[in-house]
Amino acid sequence: MKLLWHKIMHWEFWPFNLIYYPLFPVWLFFSAKARSFFFFNAVNPSMKNGGMAMESKMDIYRNIPDEFIPITVFVGKGASVETVLEDISSHGIQFPCIAKPDIGMKAFAVQKLDTISDLMEYLKKTPADFLIQEFVPYQEEVGIFYVRYPGEAKGRITGIVSKEFLAVTGDGKSTLLELIKKDARSHLQLKVLRQRLGADLDTVLRDGERRVLVPYGSHTRGAKFIDFTHKNNPDLEETFHNICAQIKGFYYGRMDVLYDSFETLSKGKDFSIIEVNGAGSEPTHIYDPKHSLLFGWKEIIGHWNHMCKISIINHRKGHPYMSFKAGRAMLKENEALESQLKMI
């Protein structure tokens, strides 16, 4: 009951539909302006479905200059462990490394692979094509939302979110399980943590010892989101405009970035873009616990407005909207895939 009450009182934990369904009339308004319910298809012409859903991450990585992203290898469904090992070795990827679905969402089925045994297990249970990336050692993660209207000389950053990985700190007495249960954010992840940590839950951490439970900056995996938009600065905008201008047909979306120092990141040094999301991007700085639901709705509507205007401009330039039939099929396919990935 205590956990349930915490979820009720903190809207960041509410189901997606509960947050977004009240905004449906707003979506209809933008659809009427664009004269298409699935207008988002035109917002990023280089991304399948505009980057709303079912887009290949590998296809997106191919449009980004190599110096900005981790070394990435595509692994087809059913590949043998020998083939995968040979492929990643030829690209210079060593263990540990990261495995993620080529088509995925919300960090479902993203896993750190420490050994060949981990790779073999991942190959057995994954239902689709996936990627293997080199492990990026940077300790901090941000999501940077970028918007540029077609024809504009320069884009802008409309939101920055810092991602605090799910972790606990030992007191020299409590077991890992007891520490997890002391905080609602980690307690809500207990079912998944039990499966992954097993007997390690009985471990007692030293006083002051910090242990990261989930090394991914995903809200659905327990990360705490902190609004860093106030840290935007001219150097950062210049850095990410120069990067995004090199990504063909990209006008709207969020880049998830690993880095060590915000100062060096702003100057375009010592960072790696691990994900680029398109039309399906959320302005995730809204999930900072200090923000109200009304603030969240305002930011979502503001970003939808950008997406609608950009889509209309691109549509006038010849980029088609998605048909209603194709849009419904995409959403059903995405829902089925999400159900599969949750099981991994």
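Everything numeric in this text was worked out from a predicted model, so none of it was measured. (Residues numbered from 1 in each chain as written. Predicted model: local features only at pLDDT ≥ 70, side-chain atom pairs only at ≥ 80, totals over all residues. Heavy atoms only, no water.)

It is worth spelling out the pairing of strand β5 (residues 140-147) at this point. Most of β5 is tucked away: seven of the eight residues are buried. Alignment of β5 against strand β6 (residues 156-164), held across seven bridges, turns out to be antiparallel. Within β6, the position partnered with F145 by the bridge is G159. (Buried < 20%, exposed > 50% of the residue type's maximum accessible area, 1.4 Å probe, protein only. Helix = DSSP H or I, 4+ residues; strand = E, 2+ residues; numbered from the N terminus. Pairing = 2+ DSSP bridges.)

Another point: the pattern of salt bridges. Under the defined criterion, the tally for this structure stands at 14 salt bridges. As a salt-bridge pair, E12 and R185 come within 3.1 Å of each other at their nearest N and O atoms. Placement of the pair is E12 in the loop between α1 (2-9) and α2 (16-20) and R185 in helix α8 (residues 184-187), with a sequence separation of 173 residues. Of the two residues, E12 and R185, both sit in the buried class. A salt bridge links D256 to R254, with the nearest nitrogen and oxygen atoms 3.0 Å apart. As far as the burial class goes, D256 and R254 line up, both buried. (Salt bridge = Lys/Arg side-chain N within 4 Å of Asp/Glu carboxyl O.)

Once that is clear, we can look at helix α9 (residues 190-197). In an α-helix there are 3.6 residues to a turn, and that puts residues three or four apart on one side. When α9 is considered as a whole, its buried residues turn out to be L190, L193 and L197. Looking straight down α9, one finds its buried side chains confined to an arc of 60°; they lie on one side. Exposed and oriented more than 90 degrees from the buried face of α9 are K191 and Q195. Each element contacted by the buried residues of α9 is listed here: β7 (166-169), α7 (176-182), α8 and β8 (210-214). Looking at the residues trailing α9, positive phi occurs at G198, about 55°. (Arc of directions from axis to C-beta. Contact = heavy atoms within 4.5 Å.)

Summed over the entire model, instances satisfying the criterion amount to 20 aromatic pairs. Residues W27 and F40 carry aromatic rings whose centres are separated by 6.2 Å and whose planes lie at 50° to one another, so their mutual orientation is tilted. In this pair, W27 is assigned in helix α3 (residues 24-34) and F40 in the loop between α3 and α4 (57-61), connecting sequence segments 13 residues apart. Given a relative accessible area of 10%, W27 falls into the buried group. With relative accessibility at 3%, the residue F40 sits in the buried group. (Phe/Tyr/Trp six-rings, centres within 6.5 Å; stacked < 30°, edge-to-face > 60°.)

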